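# Structural overview for review
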Amino acid sequence: QLQLIESGGGLVQPGGSLRLSCAASKDVTSIRRMGWFRQAPGKQRELLASITYDGTIRYADSVRGRFTIARDTLKNTVQLLINNLSPEDTAVYSCAADQYGLGIYDPFGQGTQVTVSS
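Figured I'd write up the structure that's included with this text. Note that the structure is a prediction, hence the values are computed from the model and not measured.

### Focus on the pairing of strand E8 (residues 77–82)
- Bridge count between strand E3 (residues 18–24) and E8: 6 bridges; the pairing is antiparallel. If you follow Cys22 over to E8, its bridge partner there is Val78.
- As consecutive antiparallel partners, strand E7 (residues 67–72) and E8 are separated by 4 residues, and within that stretch Asn76 has a phi angle of approximately 55 degrees, a positive value.

Okay, structure coming up:
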């Protein structure tokens, strides 16, 4: 059973950067698509970025240019680099797997909290 574990969250000042990591329990190239999501208090979870098994990347319009998704196939990790953080980026960030390319993300990791505050 696929397991995903996120790390890298924390408290950061506005304008700072963070690199989040998602470790998968199996070869990430065998997963059709991996995605990074976030959910802020009182808001719906939103898909931020995704990367397919063959390396195709997509970003939500709201984060394009400021977020970067990448994977390390040797470590079986998918990372999310976030630049120029603002308080509006405060949320729980989670990674998830669309294992069969059907647009259904399952499972999700437990999430990592990102708080942007001075």
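### Remarks on a nonpolar patch on the surface
- A contiguous nonpolar patch, built from Tyr100, Leu102 and Ile104 and spanning about 400 Å² of accessible area, is present on the exposed surface.
- If you trace the backbone, Tyr100 turns up in the loop between strand E9 (91–98) and strand E10 (112–116).
- Tyr100 gets classed as exposed once you look at its relative accessible area, which sits at 64%.

### Observations concerning the sheet that holds E3
- The 4 strands lie next to each other as E1-E3-E8-E7, forming an open sheet whose pairing is antiparallel. Two strands in the sheet have a free side with no partner beyond their single neighbour: strand E1 (4–7) and E7. The average angle at which neighbouring strand axes cross in this sheet is 20 degrees, direction not considered.

### Points about the side chain of Ser21
- Within the secondary structure layout, Ser21 lies in strand E3.
- By relative accessible area, Ser21 is classed as buried at 17%.
- If sequence neighbours within four positions are ignored, Ser21 has contacts with Ile5, Glu6, Ser7, Trp36, Thr77, Val78 and Gln79.

So, how was this worked out
- Residues numbered from 1 in each chain as written.
- Predicted model: local features only at pLDDT ≥ 70, side-chain atom pairs only at ≥ 80, totals over all residues.
- Heavy atoms only, no water.
- Pairing = 2+ DSSP bridges.
- Helix = DSSP H or I, 4+ residues; strand = E, 2+ residues; numbered from the N terminus.
- Patch = residues over 30% accessible without salt bridge, like charges linked within 9 Å, V, L, I, M, F, W, Y side chains within 5 Å.
- Areas by Shrake-Rupley, 256 points an atom, 1.4 Å probe, with all protein chains shown as cover.
- Salt bridge = Lys/Arg side-chain N within 4 Å of Asp/Glu carboxyl O.
- Buried < 20%, exposed > 50% of the residue type's maximum accessible area, 1.4 Å probe, protein only.
- Axes fitted to C-alpha atoms, helices over the stretch in contact; angles between N-to-C directions.
- Contact = heavy atoms within 4.5 Å.

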